[in-house]
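# Fold and geometry: a report
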Amino acid sequence: MHMVIYTLVEASTRDDAVATGKAVFDRLVGVDPHSPAVFDYYACFDEENTTVAGKARWSDLPAAAPVDSNDGQDLLERGWEATKEEFERNLERVKEAIGELTDEEIMRDENLSRHAFHQVGAYDGPSVFLYDQHATGIRHREQLDRILEESEDLWIVPADVHF
């Protein structure tokens, strides 16, 4: 499956932001031998030669945008809303499982309840849409606000990832 994820990076230019973003995405797909693969592959939105990912799949998102720009705010809102919605969806499945299933049924993973438990606790992967420049998933609003407050030249870089 494909999804769009975003990384927040400090950079002085668009090109620097894209390069730093690609380094983050490289870590998330396991290019770095010390980083386990969370996603299969990625395509950034500056790539023109793909017919199944990036712009070909999601339309014309910017390759990078300053967070304080209109495009940057739009990308940030998309990433944060997707993170919240996925968390809430999985949390609701967890609550239902606890309320409706026996311990044995949960242990057998009926209704994919254990998967929902895992997703609620995930630090990266398909339930996390925003990452910092160290490839760490941004999982709660205080973490996001801290990054936004502490950074001066903050850019957001989207990528189409497959998992």
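Structure shown above.
About the criteria used
Residues numbered from 1 in each chain as written. Predicted model: local features only at pLDDT ≥ 70, side-chain atom pairs only at ≥ 80, totals over all residues. Heavy atoms only, no water. Core = buried A, V, L, I, M, F, W, Y, C linked by side-chain atoms within 4.5 Å. Buried < 20%, exposed > 50% of the residue type's maximum accessible area, 1.4 Å probe, protein only. Helix = DSSP H or I, 4+ residues; strand = E, 2+ residues; numbered from the N terminus. Contact = heavy atoms within 4.5 Å. Salt bridge = Lys/Arg side-chain N within 4 Å of Asp/Glu carboxyl O. Arc of directions from axis to C-beta. Patch = residues over 30% accessible without salt bridge, like charges linked within 9 Å, V, L, I, M, F, W, Y side chains within 5 Å. Areas by Shrake-Rupley, 256 points an atom, 1.4 Å probe, with all protein chains shown as cover. Lys, Arg positive; Asp, Glu negative; His and termini not counted. Charge placed at Lys NZ, Arg CZ, Asp CG, Glu CD. Phe/Tyr/Trp six-rings, centres within 6.5 Å; stacked < 30°, edge-to-face > 60°.

One recurring pattern in soluble globular proteins is that nonpolar side chains are buried together. Counting residues in each nonpolar core, the largest one holds 23 residues, and the members touching the most others are I5, F25, L28 and F39. Looking at which element gives the most residues to this core, the answer is helix α1 (residues 14-28), with five residues. What F39 contacts, discounting residues up to four positions off in sequence, is M3, I5, L28, V29, G125, P126, Y131, V161, H162 and F163. By size, the runner-up hydrophobic cluster in this structure holds 16 residues, among which are V4, F45, L61 and L75.

Further remarks concern the pattern of salt bridges. This structure, assessed with the given rule, holds seven salt bridges. The residue E86 makes a salt bridge to R89 at a minimum N-O spacing of 2.7 Å. In this pair, E86 and R89 are both assigned in helix α3 (residues 70-100), three residues apart and thus about one turn of the helix distant. Between R141 and D145 there is a salt bridge; the shortest N-O distance is 2.8 Å. With R141 and D145 both in helix α6 (residues 141-150) and four residues apart, this pair spans about one turn of that helix. Classification of R141 by relative accessible area gives partly exposed; the value is 35%.

We now examine helix α5 (residues 113-121). In an α-helix, one full turn covers 3.6 residues, which means residues spaced three or four apart are oriented alike. Turning to α5, its buried residues number three or more, namely S113, A116 and Q119. Down the axis, α5 shows its buried residues gathered within 115 degrees of arc, on one side only. Looking at the buried positions of α5, the neighbouring elements they touch are α3 and α4 (103-107).

Quick look at a negative patch on the surface now. On the surface, E10, D68, E152 and D153 cluster together into a patch of negative charge. Topologically, D68 is positioned in the loop between β3 (65-66) and α3. Here D68 falls in the exposed class, since its relative accessible area comes to 71%.

So, about the packing of aromatic side chains. Evaluation of the coordinates by the stated rule reveals one aromatic pair. With a centroid separation of 5.5 Å and an interplanar angle of 50 degrees, the aromatic rings of F25 and Y42 are classed as tilted. Of this pair, F25 sits in helix α1 while Y42 sits in strand β2 (residues 41-44), placing them 17 residues apart in sequence. Relative accessible area serves as the criterion here: at 17%, Y42 is assigned to the buried category.

Residues apart from glycine generally show negative phi values, whereas peptide bonds are mostly found in trans. One non-glycine residue, A135, lies in the positive phi region at around 65 degrees. Among the residues examined, A135 registers a relative accessible area of 13% and is labelled buried.

All right, on to the environment of L101 then. You can see L101 is positioned in the loop between α3 and α4. Between the C-alpha atoms of L101 and S113, which are twelve residues apart in sequence, the distance is 9.1 Å. With residues near it in sequence (within four places) discarded, L101 still touches E96, I106, E110, N111 and S113.

Let us now look at the environment of G72. Take G72: it is sitting in helix α3. Setting aside anything within four residues of it in sequence, one finds G72 in contact with A65, P66, V67 and I156.

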